[in-house]
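Listed here are the chains, written in short residue letters.
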Amino acid sequence: EQAADGIRPIIVRAPTGLGQVVFIAADLDRPPFSVWADRPRLLERLLHGDQDQQQERSNTSGPTGQLVHLGYDDLSGQLRTGAEQFSGVELVSFAWVAGLIVLYILLIGPADYFFLRDVLRRMSWTWLTFPVIAIAFCSLAVVLHGSFKASDVKLNQIDLVDVDLERSIVRGTTWAHLYTPRSASYDLKLTSSWLKTRNDNAGNLLSWQGLPGTGLGGLEAKSATLFNSPYTISQQSTESQIERTPIEIDGTKAFLARWWNDAQLASTADLHLDAGGLLRGNVMNPLPVALHDCILLYENWAYKLERKGSVLQPGDSTPVHLEKPLNFSWRLTRRHVVDIKDITTPWEQGDVDVPRILEMMMFHGVAGGDKYTQLHHRYQNYVDLSEHLTTGRAILLGQAKQPASEIELDGQNAGKSYDQRWTYYRVVFPVDATRVTSSR
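Described below are features of the structure shown in this document. (Residues numbered from 1 in each chain as written. Predicted model: local features only at pLDDT ≥ 70, side-chain atom pairs only at ≥ 80, totals over all residues. Heavy atoms only, no water.)

Structural notes on the sheet that holds strand β10 (residues 270-274)
Here is step 1: Strand order in the open sheet made by the four strands is β14-β11-β10-β22, with mixed pairing throughout. At either end of the open sheet lies a strand with only one pairing partner, and these are β14 (317-319) and β22 (432-437). On average, adjacent strands in this sheet sit at an angle of 30° to one another, irrespective of strand direction.
Here is step 2: Bridge analysis of β10 against β22 gives three bridges, and the strand direction is parallel. Counted as the bridge partner of Leu273 is Val436 from β22. (Pairing = 2+ DSSP bridges. Helix = DSSP H or I, 4+ residues; strand = E, 2+ residues; numbered from the N terminus. Axes fitted to C-alpha atoms, helices over the stretch in contact; angles between N-to-C directions.)

Quick word on the packing of aromatic side chains
Here is step 1: Per the counting criterion, the structure on display carries six aromatic pairs.
Here is step 2: Centre to centre, the rings of Tyr113 and Phe114 are 5.2 Å apart; their planes meet at 75°, and the pair counts as edge-to-face.
Here is step 3: Looking at Tyr113, the relative accessible area reads 38%, which means it is partly exposed.
Here is step 4: Stacked on the ring of Phe363, the Lys or Arg Arg426 has its end atom at 5.6 Å from the ring centre. (Phe/Tyr/Trp six-rings, centres within 6.5 Å; stacked < 30°, edge-to-face > 60°. Buried < 20%, exposed > 50% of the residue type's maximum accessible area, 1.4 Å probe, protein only. Lys NZ or Arg CZ within 6 Å of the ring centre and 35° of its normal.)

Let's talk about the nonpolar core
Here is step 1: In this structure, Leu178, Leu279, Leu296, Leu396 and Tyr425 are the most contacted members of the largest nonpolar core, which totals 46 residues.
Here is step 2: The greatest single-element share of this core, amounting to four residues, is contributed by strand β21 (residues 418-430). (Core = buried A, V, L, I, M, F, W, Y, C linked by side-chain atoms within 4.5 Å.)

Some details on the environment of Thr191
Here is step 1: Mapped onto the elements, Thr191 comes out in strand β5 (residues 184-191).
Here is step 2: Exposure remark for Thr191: the relative accessible area of 25% places this residue in the partly exposed category.
Here is step 3: Residues Thr191 and Thr238 lie 47 residues apart in sequence; the distance between their C-alpha atoms is 7.8 Å.
Here is step 4: Every residue in contact with Thr191, bar those within four places of it in the chain, is listed here: Ser405, Glu406 and Glu408. (Contact = heavy atoms within 4.5 Å.)

What follows is the structure, given as structure tokens:
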């Protein structure tokens, strides 16, 4: 933003670490700002960018019927729903339950009555037929429970690791979702190879994660709890654990961990712009793990890497693809051209595809924010690095097969309990905007 003469900057935004600094060349506590009625909105805009406007636009239409049905209005709630899909565990539909109840009522009522009156001609035998029907339905319930529910503890885990090379900072976010077939209390502990180096800047915090919204078990819902026993959360510089956290039978519980540390990683990235403002140069994988399905992001462009399968081994360097990059916002919104018209694929608020949901959380602003998803991104908006793409930074996004953190369950590594795992890395590179080369 600039002054009226178009020369002097009034507001300057600059990236620092995995955040940004906003400098305002004006005193907001003095007139005319101090007496301006819209001063609070100006402060919100400075702190949150376009997020408040997107939220205002999405709120004008009110909550949709689907949101009311799903019970959440935030992307973190959708991610939680997606991560709580376990193999061998199926949710029994209401139609099944209602149908079995109706069948049971019909059998113990009209069917039993007419069978005893017209076939056996002994109404007193209802003392035998009634318990037989009840026992049969109880046995059926046990069989169905065994077919729909797993018998072992299962764990789904998502790791998102952000690395800033300029400040030598690594930051991780871990979502862990635990399913148990029986009521029990568990001890959980999170460890990571990124936290092995102990220093004053290292930190690790593990806690349970609530469901935002008014759905069953949501933070805004009024519901009775099945447990009243206390649990303990202990936190040290590089270790964090939860002790005696209870979970009801055939229930799930969500956990969230945030951890950070210094990371001395070598990088020979040489990124600059050409005369057309497109990204050029080379990028290197500074991580100790291989990155798969890599793309390089800058402003609103997604660049292919000249690697077979888009895989970067540790220490590998590759040039940025010289062809025209892809429009990143189009990629996020699945936008395509049909009969000379741009068609944007609507966001499915009930979708449970974890990589797709996490992709939207990572770059919610690029996709259009609340206006596109009709979901807020307030609870975990720190994972959105959209603003870094517009402040002279490039981001290498890739998926790793090696997990970034491990969960210990009751003092033992939860390796056998893992059902699904996803690990994503985002490496933030500086771009030399003062160096311009030919676009050819």
